[in-house]
Amino acid sequence: MRIFLAIYLFAVIAAVSILGFRGSTSTKPPLEVFPDMDHQARYKPQAENEFFADGRNDRPIPAGTVARGNYFNQVEVFSEDFEDEHLGDTVFHDGKNADGSFVQAPPLEVTFELIEQGREKYAIFCTACHGAAGDGNGVTKPYGVLAANYHDDRLRGESDGYIYDVIMNGKGLMLPLKDRISPEEGWAIVLYVRALQLSQNANAEDLTAAQRTALGL
Ligand code: HEC
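Residues numbered from 1 in each chain as written. Predicted model: local features only at pLDDT ≥ 70, side-chain atom pairs only at ≥ 80, totals over all residues. Heavy atoms only, no water.

Enquirer: Go over the overall build of the chain with me, naming the residues and quoting the values.
Expert: When helices and strands are tallied, the chain shows 10 helices and zero strands. Going from N to C terminus, the chain has its helices and strands arranged as α-α-α-α-α-α-α-α-α-α. The globule rule puts the C-alpha radius of gyration for 217 residues at 17 Å, and the 32 Å found for the chain is more than 25% above it. The principal-axis extents of the C-alpha atoms in the chain amount to approximately 105 × 60 × 35 Å. A burial count over the chain gives 24% of its 217 residues as buried. Of the roughly 16,700 Å² of accessible surface on the chain, a fraction of 60% belongs to carbon and sulfur atoms. (Helix = DSSP H or I, 4+ residues; strand = E, 2+ residues; numbered from the N terminus. Rg over C-alpha atoms; globule rule 2.2 N^0.38 Å. Buried < 20%, exposed > 50% of the residue type's maximum accessible area, 1.4 Å probe, protein only. Areas by Shrake-Rupley, 256 points an atom, 1.4 Å probe, with all protein chains shown as cover.)

Next comes the structure, spelled out in structure tokens:
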């Protein structure tokens, strides 16, 4: 009985002393009973390395390396029958003619679905700064940075290629978005910007008589 009590007491004290320290913090490295693969031989970035003649861990890109394609077409560009369509179609990809001037109209068939796609992408990529109506009334306004209002005369007069170029390559304080918007989406957004412009500048005379009656004008 005495032995049992001694063991019992020992077990209680051991349990309390081990579990009692749960939750207390320490600046010492933790005890690692099973280190698993935590510590492995590896090269640290930007560190020295005697193996290479220049003594650097990070290896420079081999001379003559050329970037191919982008985020949207990684798979195709590494296939053997890849042709860089961008080179042959600057109108679609850059919104520019061969002589560098901006194209006047979008180089793809304008459909309702495409405009709808533009509306969706506009809400994702543009509304925050330019406002849902495109009047520049977005989150940057309180900070004194006015994102452009699409309804001013200059922007209404700009070509579609120009608007496309602003979206893809940015302008002034506006960031370029071509790393996250495909050319087709870019043109879809241009169409939606045009729709927004029309929404604030349409004349009743532009409508047919039937449409005017339907609207009660
Ligand atoms: C982070 C905020 C921000 C986002 C997102 C943004 N813009 Fe802008 N945008 C600006 C600012 C700021 C300007 C004014 C640039 C300047 O003149 O310095 C501007 C200017 C413009 C202009 C006018 C260029 C000119 O000639 O004055 C157009 C057109 C435009 N943006 C379209 C878009 C479209 C379309 C999208 C979405 C695909 C978009 N922007 C997304 C901030 C933004």
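There is more to say, and it comes next.
Enquirer: Talk me through the site of the ligand; I want residue IDs and the actual numbers.
Expert: Residues in close proximity to the ligand total 23 residues, the closest being C126, C129, H130, Y162 and M174. Y162 places a side-chain nitrogen or oxygen 2.3 Å from an oxygen atom of the ligand. For the ligand, an oxygen atom lies 3.3 Å from a polar atom in the side chain of K171. Of all the secondary-structure elements, those providing two or more residues to the shell around the ligand are helix 6 (127–130), helix 7 (153–157), helix 8 (160–169) and helix 9 (183–201). Looking at the shell around the ligand, the element that brings in the most residues is helix 8, giving four residues. For the shell around the ligand, the class distribution of residues is 19 nonpolar, two polar and two charged. (Near = heavy atom within 4 Å. Polar contact = N/O pair within 3.5 Å; in protein donor to acceptor, adjacent residues only side chain to side chain. Nonpolar A, V, L, I, M, F, W, Y, C, P; charged D, E, K, R; others polar.)

Enquirer: Before we move on, could you go through the coordination of the iron atom of the ligand and cite the residues and values that matter?
Expert: At the metal site, the iron atom of the ligand is ligated by H130 (NE2) and M174 (SD), and these contacts range over 1.9 to 2.1 Å. Around the iron atom of the ligand sit six donor atoms; with metal-centred angles ranging over 86 to 179 degrees, the donor geometry is octahedral. One end of the pair, H130, is in helix 6; the other, M174, is in the loop between helix 8 and helix 9, and 44 residues separate them in sequence. (Donors = N, O, S within 2.8 Å, 3.2 Å for Na, K, Ca; no water. Tetrahedral: all angles 85-135°; square planar, octahedral: opposite > 155°, others 65-115°.)

Enquirer: Residues and numbers for the pattern of salt bridges, please.
Expert: A complete count under the given rule lists eight salt bridges for this structure. When the shortest N-O distance is used, the salt bridge between R119 and E116 registers 3.4 Å. Note that R119 and E116 are positioned in helix 5 (residues 112–125) at a spacing of three residues, about one turn of the helix. Each of D54, R56 and R59 takes part in salt bridges that share partners, so that together they form one network. (Salt bridge = Lys/Arg side-chain N within 4 Å of Asp/Glu carboxyl O.)

Enquirer: Got a sec to walk through helix 5? Specific residues and values, please.
Expert: Relative to the 20 Å expected for 14 residues at 1.5 Å per residue, helix 5 spans 20 Å between its end C-alpha atoms, a close match to the ideal helical length. Where helix 5 is concerned, the buried positions are L114, G118, K121 and Y122. Angularly, the buried residues of helix 5 cover 110 degrees about the axis, an arc narrow enough to put them on a single face. Exposed and facing more than 90 degrees away from the buried side of helix 5 are F112, E113 and I124. For helix 5, the secondary structure elements touched by its buried residues are helix 6 and helix 9. (Expected span 1.5 Å × (residues − 1). Arc of directions from axis to C-beta. Contact = heavy atoms within 4.5 Å.)

Enquirer: Go over a nonpolar patch on the surface with me, naming the residues and quoting the values.
Expert: Together, M1, F4, L5, Y8, V12 and V16 make up an exposed nonpolar region whose accessible area comes to about 670 Å². With respect to the element layout, V12 can be found in helix 1 (residues 2–19). (Patch = residues over 30% accessible without salt bridge, like charges linked within 9 Å, V, L, I, M, F, W, Y side chains within 5 Å.)

Enquirer: Kindly report on the packing of helix 8 against helix 9, identifying the contributing residues and their values.
Expert: Running from amino to carboxyl end, helix 8 crosses helix 9 at an angle of 120 degrees, the nearest separation of the two axes being 9 Å. On the basis of their axis angle, the class for helix 8 and helix 9 is oblique. As helix 8 runs across helix 9, the sense of the crossing is right-handed. Residue-level contacts link D160, G161, I163, Y164, I167 and M168 of helix 8 to P183, G186, W187, I189, V190, V193 and R194 of helix 9. Looking at the contact of helix 8 with helix 9 residue by residue, the classes come out as nine nonpolar, two polar and two charged. (Axes fitted to C-alpha atoms, helices over the stretch in contact; angles between N-to-C directions. Parallel < 35°, antiparallel > 145°, perpendicular 65-115°, else oblique. Left-handed = near helix turned anticlockwise from the far one by under 90°.)

As far as function goes, none of this settles anything; it's purely spatial.
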